[in-house]
Structures are given as C-alpha cells and as structure tokens.
Amino acid sequence: MKRILLPIFLLLFGFSFLQKANSQIASQDAIDAKVHALLKKMTLDEKVAQLNQLSNPYYQTGAGANSREAQSFDQMIEQGQIGSFLNVLGADETRRLQTIAVEKSRLGIPLIFGYDVIHGFKTMFPIPLAEAASFDRAAMEKSARIAAIEASANGLHWTFAPMVDISRDARWGRIMEGAGEDVYLNEQAAIARVKGFQGNDLAAPNTIAACAKHFAAYGASVAGRDYAAVDISERSLREVIFPPFKAALDAGVATFMSSFNTINGVPASGNKWLLTDILRKEWGFKGFVVSDWNSLGEMLPHGNVETAYDVAETGINAGVDMDMEGRIYINEIKKLLDDKKISIQQIDEMVSRILRVKYQLGLFDHPYQYCDKKKQDELTLHPDHLKASREIARKSLVLLKNDNKVLPLPKKGSTIAVIGPLADDNDSPLGNWRGIAESNSAVSLLDGIRQAVGNDSKVLYAEGCRLVNNSKQHFFSQLEVNNTDRSGFAEAIAIAHQADVVVMALGETAFMSGECRSYADISLKGLQAELLAEIHKTGKPIVLTLFNGRPMVLTDVVDQADALLVCWLPGSEAGHAIADVLFGDYNPSGKLPASFPYHVGQVPIYYEQLNSGRPYDPNPEGFSTKYRDIPNAPLFAFGKGLSYTEFRYDNLQLNKKEITKNESLDISVTITNTGNYDGEEVVQLYIRDIAGKGISRPMMQLKGFEKVFLAKGESKKVNFKITANDLAFWRLDETWAPEAGEFLLMIGSASDDIRLKDQFSYKE
Ligand code: NOJ
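This structure is a prediction, so every number in the text was calculated from the model and none was measured.

Criteria and cut-off values
- Residues numbered from 1 in each chain as written.
- Predicted model: local features only at pLDDT ≥ 70, side-chain atom pairs only at ≥ 80, totals over all residues.
- Heavy atoms only, no water.
- Helix = DSSP H or I, 4+ residues; strand = E, 2+ residues; numbered from the N terminus.
- Rg over C-alpha atoms; globule rule 2.2 N^0.38 Å.
- Buried < 20%, exposed > 50% of the residue type's maximum accessible area, 1.4 Å probe, protein only.
- Contact = heavy atoms within 4.5 Å.
- Areas by Shrake-Rupley, 256 points an atom, 1.4 Å probe, with all protein chains shown as cover.
- Lys, Arg positive; Asp, Glu negative; His and termini not counted.
- Charge placed at Lys NZ, Arg CZ, Asp CG, Glu CD.
- Domains from an automatic or database assignment.
- Buried area = accessible area lost by both parts, 1.4 Å probe.
- Salt bridge = Lys/Arg side-chain N within 4 Å of Asp/Glu carboxyl O.
- Polar contact = N/O pair within 3.5 Å; in protein donor to acceptor, adjacent residues only side chain to side chain.
- Pairing = 2+ DSSP bridges.
- Right-handed = clockwise from strand over helix to strand, strands pointing away.
- Near = heavy atom within 4 Å.
- Nonpolar A, V, L, I, M, F, W, Y, C, P; charged D, E, K, R; others polar.
- Phe/Tyr/Trp six-rings, centres within 6.5 Å; stacked < 30°, edge-to-face > 60°.
- Lys NZ or Arg CZ within 6 Å of the ring centre and 35° of its normal.
- Arc of directions from axis to C-beta.
- Axes fitted to C-alpha atoms, helices over the stretch in contact; angles between N-to-C directions.

## Topic: the overall build of the protein chain
And step 1. Scanning the protein chain for helices and strands turns up 20 helices and 26 strands.
And step 2. Relative to a compact globule of 764 residues, whose C-alpha radius of gyration would be 27 Å, the protein chain shows 27 Å and is just as compact.
And step 3. A principal-axis box enclosing the C-alpha atoms of the protein chain has dimensions of 75 × 65 × 65 Å.
And step 4. Taking all 764 residues of the protein chain together, 60% fall into the buried category.
And step 5. Contacts in the protein chain between residues at least 24 apart in sequence constitute 78% of all its contacts with a sequence separation of at least 6.
And step 6. In the form shown here, the protein chain has an accessible surface area of approximately 29600 Å², with 50% of it arising from carbon and sulfur atoms.
And step 7. Taking the 82 positively charged and 95 negatively charged side chains of the protein chain as two groups, their mean positions are separated by 4 Å.

Put into structure tokens, the structure is as follows:
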C-alpha cells in the first residue's frame, strides 16, 4: 500500500509545488508588465518622485537634513514629487495622504509608508538582541508577525527591519538591535524576522515589506563608535558580515538599506562593489535599496565626493534606488541626465524596482487596505499580542548565576525587598525603538513581583538611587547620570535588613542603548555598583536582575549577587515575564547571543576566534597570546545560560564519518533532564575545520542549535544535519566552497561548555 501511496503523494505534492512556483513566476511577470506599461506613461519628474522619500517633519528619527522647514506635503504629493514617506502613520493620516496620491496626482501612483517597526509597534517585544537570546526561531517570527499586524493596521506598508548587522563590540549602542555576535544565529534571526514581517503573501493586508539593514558592516565601526569608519577584510565581510544579509535575501526580503559607514574608505551608500556587484550581480537581489537617513548626503562630510551633484551620481551608479530624507536625487537627477553622467535606463530601472514592490504589496489594487481605522483600533495592543509578548520575553531572559539555588523564589510566606533605580521603571523595558508605545506603559519589575505574590508575601520597595537625573527621556535626550545623590541608600539598606531576599534591578535605561548611544564604559553607571555593595553588606541573598541593551562588564559586581538574571529590555510585559522566571512559573532557557566581556579592553570579543601561532598558555612566563592583567576569556561566554534543572548530554552519533559535496551528515545526541524541574535546553552544535589549505579557520563556529523541552527525567534524541554548504567559506581561490579535510564536531550547552566531541571528514 505504502509503495503505491508514496509516488501518488510525491506526484501531488510535487505538482502543487510546481503549480505554486509557476503561479509566482506568472504573477511576477504580470507585475513586470504593469510596471513597464506605467513607466512608459511617467514623466521624468514623476519618476524622480518615486526615488524620493521624506520624513514627517514633526517626527524625526534622524538628524539634520532640511525637513524641519514648513512644507506642504499635500501639494507635493498632488504634483507627483514624493513617492514614499517615513514616520507618517495612523490609518487616518495615511489614508488622507494616500487619497491625494491615488486620486489627485496625475497617474495615481500610491505612496509607500515606511517606519521603524523594530521590536514591536505598540505592543513592545524584547529588544532584538534579547529575543535572539531565546534561540527560538518561532518566537522571533511571531513577534515580527504581530508587529506587522499592528503596523499594517496603522497604515504602514514597510518596516526598516530586521537589522542584521553582526556586532562584536558592546560599546556600539546598536548592538541591541541585532542578534549579537554570531553568524549562524544572525542568519536564523534574519530568516525568522523576514518571514514574520512579510508572511507568505506581501499583498495580504496584514503583512509589510521588510528591509535588511544596514548594508553593510555598520556594526563593525572602529572602536564601537556609532557612524565611525569600518576597516575590514573582504574575507570578514563575506564570512561574517554578509551571510545574515544573504539569508534575509533568500528568505525573500523586499528591500535593503545601505549603511552610513565607510567600508575601507568608500561609503557604503556610494559603494558600487557592495550594492551592485555583490548585491545585485552576485546575489541576484531584485528588490530596491533605500539609503539610510541622508546617508547619501553624508558622503559630503565623508569627503569621498565634493558636491551634492557628485553625491547623486555616486549613489545612483552605486545602486541606491531611494533617497531617504536626503533630497539629493530630487535636486540633482535632471542635471546628471543632461550631463550624461547617468542614463535614463538607470532611472527607469530604479523606479521599476520601487514600483514592483508597491505592486507586490497590493497598493495599486487596494491602496487603502492598510488604512482601516476599525482594524487599527481592534488590533493595536490586542490582549493576545500582550500575551505573546510575555511569553517571548520570558524565553529571552538569561540566567547566568544561581548560587545555592537561590532561584526560584517561593511565592508564599517571605519578605522580598525590591531595590534599585530600574525596579519601579515602567518605561525602560520598552526599549529604544519603541514604535508608538506610550511612555511608561510597560509592567515594571516591582508591579510584576507584587502581582505574582499577591498577599502571600510581603514586598518592600526602595529606589536606592536614581540612575539618571532626567525626569523624561526620549530618542534625542542627553542623559545625565546621577553620580552624587546617595540620599536613598539608607532606606534601601533598611528594607534589605527586613527582607528574606533582595531583588535588585540595575543596569541601563532604554535610552542608554540604540542609535548614537555608544558608550566607552559599559559597566554599571552612576552609583549602582556602590548601592549593590551596600546591600551586599546586609548579608541578605541578592538576586540581581539586569536591564540592559548590550552585554555589560559585570566583573566587579557579580560576586556580590547570588543570582544574576539578564533581563535586557524585555518589552511591554517585562515585570510579568521576569516574575514568571523569578518564581519558577517559567524555567529560564535563554542563552547569551553575545559574550559579556571581562573587561571593556577585550572588545571586540567573540568566541569565533582564529587560533594564534602562540596559543593561550596559562603559564605566566610563556610567550603566548594573552593579556598581562586580565584573562582572555569573557566573563560570560556566547551561548551560556543556566536553567533551574540540569541536562546530561550523551550518545553522540554520526551516520557516517565522511561526506562529499552532495551528501549530508546526520548527527544525533541524547539529552536528558536530570534535575528537578521541567525545562528547555538549547543544544548547540559547533564545528572546527582543523586545517585549511592556506587559510586558518576559526576554532569554533556555530552551525546548528535546537531548543528542546524536557520534562524532568525525560530523555530526547536531538537531530542535526550538516551539509557541504555548512562547511563552506571564502577560500584563497576566492570561491565559496568547503575544502577537503578533517572537521571537529562539538556539541554543548554553551561555547565554553562543550559536552561531546567527534570528528568527520569532507571529501571533494
Ligand atoms: C537611521 C537609522 O540608522 C535607520 O536604522 C533607520 O531606519 C532610519 N534612521 C529611519 O528612522
């Protein structure tokens, strides 16, 4: 029977697959035909308008430019001078503007509205770095899906996300916005987020176009300073920086954003090698590229060109299709065409790419489908979205220390002192890219704890010290850290004395990470470490909950806490999610997506290092690669995260010892929950290419992870597959392929906690 069914199944399945692929090609062809026909009717001004994106002048997410001047957008739209907006949102306002574009402009070309929907729209999710700590692909996809549902109900068509910039430098404020230091994890996050935003059908009213940004290498800026230059080898670009972008592209991302930085002296937004040779020719990207906020105009201070005219020429010839808030294209294109510096074919191609995405979004057929006030009211901040936010937030928390099993805490019969400047903060957990979330709308840690214990335990609270003096903080605020006012210490110490356990909330506010929020000192700011030291003197057990938009240096403070829970900036439901973990309603399962340095002098720090000719030797006399004053290792390594239970790893099996180009290696390992709680483990698979042919290869590279749930006492087999592509890299002969040879396979619970090893070989 089976023998008959299988071919029938394959036939049907194969047929429907083919049908789907064919219908996709057909609809692409149909769109291309429409674009072509429309293009023929367009004047040059109308074409240039499509390349011009302006921001709402009253709501800016970037600096400078000209947009603060009063202007009449309505008139500009009607006259066909704008093709896209950013920071204009809301069903009513977008409908109003769209009506002008569709009904009053000569050709009725719809506008595309973009916005930074980064970790939620109004329902806030953990910042992307935090969410990456969940190592949970479905969770990452879900938060992006919900963000798209809310954003699309508020008139938006397009998000400037996901940011897929790898960063290995925690000083860089925007490390909060990506998936951390690792290539594979960033690839997985990129895929999940693109799928979440775009769904299966871009034309559906609840999906939005995604944007892979910032292309490229923005997270590798010199000294971790935002907007600084990037000096990087082609090898690092291809092996580290590019893969998450390529993964986003393969997942169907509709747009790319070029970055602010220079790469080896050439600004990314004027970089033909990057935007045309790699992105379009090598990878075949068909969508459009938007500049970052005036990143075209910023070529002038970069100094690679002399005038705005040169900027436009360079941007167009490099491959930037849409000018975000720079007003360079709109002013310079005609002259460039007259001077034959660019061709009308180039302009047509740029316009076509943008129009194609507008067609794909269904904007021509249903220009108002995204501006439905009723849907906006129904879906924004929907209770189901908040529920999902809590679930995703608790998966993102990382337990790094739990001495004497101080956690989980009992809910009943104890006195809990909640202390610290972030304990009663219902704003910081919202994070920096907070969409339209209302200030102070998150559940604070204090509220979460109070609601979790109800009347069963006594909760005392003291702020201890302020972290910043600013009463209100926002995107542009310069923060004033409190370094002097200790007046709250006494009360905090007093309540600690009365308590059975102290939960401290320290770290960073929402606006200490994010764009233009690089810090040279990434340890606890202000008086926080001093406060912790004072509370420590009471001898009470301390659970340190850390609020942070980046890996922090905790070396001087970690010994004073019995438990350390990294909470990041976990979103709208922060306090509930953290309480779920503190009281054991959820067993922590997050793992670090980026190393926590021992000292800021170690950064950039990451596990995927090459070996040295003089490998680290603990003997202080030896001439080995090391610091004289601190260890080489981070304080907490990539992939690390504890659970309330323990997991045993055994029975590592490989189905073969050698693979060739078209074969795959099946790997399995048995994981057993040997502790007293049900829980999830992130099983991590690393490889090492032991000897390259002319090139040194990293000592470890993550190539797979699986998050598995195990009831206490339960065992499960976890399976992985390795293919030749997983072994490939940028070889000396400048091809992307694996090399024959031996590979080490490592399976473990963290990059510094490998439990099982084996070896296999690859044969060409
Ligand atoms: C500048 C940021 O670099 C980019 O990520 C963002 O999308 C734009 N501003 C628009 O807000």
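From this point on, the discussion continues.
## Quick word on the domain arrangement of the protein chain
And step 1. Taken domain by domain, the protein chain holds domain 1 (7-377), domain 2 (391-602) and domain 3 (647-762).
And step 2. Of note, the centres of domain 2 and domain 3, computed from C-alpha atoms alone, are 35 Å apart.
And step 3. Between domain 2 and domain 3, the contact holds six residues from the first and nine residues from the second.
And step 4. Taken over both partners, the interface formed by domain 2 and domain 3 buries close to 600 Å², and the fraction arising from carbon and sulfur atoms is 41%.
And step 5. Contact with domain 3 buries surface across domain 2, with Asn 587, Ser 589 and Lys 591 losing the most and accounting together for 70% of the total.
And step 6. Joining domain 2 to domain 3, the criterion identifies one salt bridge.
And step 7. Glu 681 is the salt-bridge partner of Lys 591, the closest N and O atoms lying 3.1 Å from each other.
And step 8. Connecting domain 2 to domain 3 are five residue pairs in polar contact (both at pLDDT 80 or more).

## A closer look at the pairing of strand 13 (residues 458-462)
And step 1. In the sheet, strand 12 (residues 415-419) pairs with strand 13 via five bridges, with the strands oriented parallel. Bridging across to strand 13, Ile 419 finds its partner in Ala 462.
And step 2. You can see the chain leave strand 12, run along helix 16 (residues 445-453) and come back into strand 13, and the turn it takes is right-handed.

## Quick word on the pattern of salt bridges
And step 1. The full count for this structure, using the stated rule, is 45 salt bridges.
And step 2. Residue Glu 438 is joined to Lys 122 by a salt bridge in which the shortest nitrogen-to-oxygen separation is 3.4 Å. Highlighted residues: Glu 438 in the loop between strand 12 and helix 16 and Lys 122 in the loop between strand 3 (112-115) and helix 5 (128-132), separated in sequence by 316 residues.
And step 3. Exposure remark for Lys 122: the relative accessible area of 18% places this residue in the buried category.
And step 4. One salt bridge connects Glu 608 with Arg 168, and the closest N-O pair in it is separated by 2.6 Å.

## A closer look at the site of the ligand
And step 1. Residues in close proximity to the ligand total 13 residues, the closest being Thr 61, Asp 116, Arg 174, His 214 and Asp 292.
And step 2. Lys 213 is positioned with one of its side-chain polar atoms (N or O) 2.7 Å from an oxygen atom of the ligand.
And step 3. One of the side-chain N or O atoms of Asp 292 is found 2.5 Å from an oxygen atom in the ligand.
And step 4. For the ligand, whose free accessible area comes to 300 Å², the fraction covered by protein is 100%.
And step 5. Of the residues that constitute the shell around the ligand, the class distribution is six nonpolar, two polar and five charged.

## Some thoughts on the packing of aromatic side chains
And step 1. Following the criterion strictly, the structure yields 25 aromatic pairs and no others.
And step 2. For the pair Trp 568 and Phe 596, a centre-to-centre distance of 6.0 Å together with 80 degrees between the ring planes defines the contact as edge-to-face. Of this pair, Trp 568 sits in the loop between strand 16 (563-566) and helix 19 (574-582) while Phe 596 is found in the loop between helix 19 and strand 17 (647-654), placing the two residues 28 residues apart along the sequence.
And step 3. Using a relative accessible area of 1% as the deciding quantity, one classes Trp 568 as buried.
And step 4. Ring centres of Tyr 644 and Tyr 677 lie 5.8 Å apart, and the angle between their planes is 55 degrees; this geometry places the pair in the tilted category. A residue pair is termed long-range when its members are at least 10 positions apart, and Tyr 644 in the loop between helix 19 and strand 17 and Tyr 677 in the loop between strand 19 (664-673) and strand 20 (679-689) qualify at 33 residues.
And step 5. Looking at Tyr 677, the relative accessible area reads 32%, which means it is partly exposed.
And step 6. Within the aromatic cluster, the residues linked to one another by ring pairs are Phe 215, Phe 242, Phe 245, Phe 256, Trp 273, Trp 283 and Phe 285.
And step 7. Directly above the aromatic system of Trp 433 lies the positively charged group of Lys 213, at a separation of 5.6 Å from the ring centroid.
And step 8. Between the NZ or CZ atom of Lys 525 and the centre of the ring of Tyr 519, over which it lies, the distance is 4.0 Å.

## Some details on the sheet that holds strand 10 (residues 323-324)
And step 1. An order of 4-3-2-1-10 is seen for the five strands of this open sheet, with the pairing classed as parallel. Looking at which strands have only one partner, the edges of the open sheet turn out to be strand 4 (158-159) and strand 10.
And step 2. Examined bridge by bridge, strand 3 and strand 4 share two bridges and lie parallel to one another. The residue bridging Gly 114 from the neighbouring strand is Trp 158, located in strand 4.

## Regarding unusual backbone geometry
And step 1. Here the amide bond leading from Leu 407 into Pro 408 is cis, since omega sits at -5 degrees, within 30 degrees of zero.
And step 2. Within the fold, Pro 408 resides in the loop between strand 11 (398-402) and strand 12.
And step 3. The backbone of Asn 294 sits at a positive phi, close to 55 degrees, despite the residue not being glycine.
And step 4. Note on placement: Asn 294 falls in the loop between strand 9 (288-290) and helix 10 (299-302).

## A closer look at helix 12 (residues 329-338)
And step 1. All of the buried residues along helix 12 are Tyr 329, Glu 332, Ile 333, Leu 336 and Leu 337. Down the axis of helix 12, the buried side of the element spans an arc of 135 degrees, and every buried residue falls inside it. Structural note: helix 12 exposes Asn 331 and Asp 338 on the side pointing more than 90 degrees away from its buried face.
And step 2. Buried residues belonging to helix 12 abut helix 2 (44-50), helix 11 (308-318), strand 10 and helix 13 (344-360).
And step 3. Phi turns positive, to about 60 degrees, at Lys 340, one or two residues after helix 12.

## Some words on the sheet that holds strand 5 (residues 211-215)
And step 1. Taken in spatial order, the three strands of this open sheet run 5-6-9, and their pairing is parallel. Sheet topology places strand 5 and strand 9 at the edges, where each strand pairs with a single neighbour. Taking each pair of neighbouring strands and ignoring which way they run, the sheet shows an average axis angle of 25 degrees.
And step 2. Two strands pair when backbone bridges link them, and strand 5 and strand 6 (residues 255-258) are joined in this way by three bridges, in the parallel orientation. Each residue of the ladder has a partner; that of Cys 211, found in strand 6, is Thr 255.
And step 3. Sheet contacts for helix 8 (residues 234-250): strand 5 and strand 6; angle to strand 5, the most-contacted strand, approximately 160 degrees.
And step 4. In this fold helix 9 (residues 272-282) packs onto strand 5, strand 6 and strand 9, with an angle of close to 155 degrees to the strand it touches most, strand 9.

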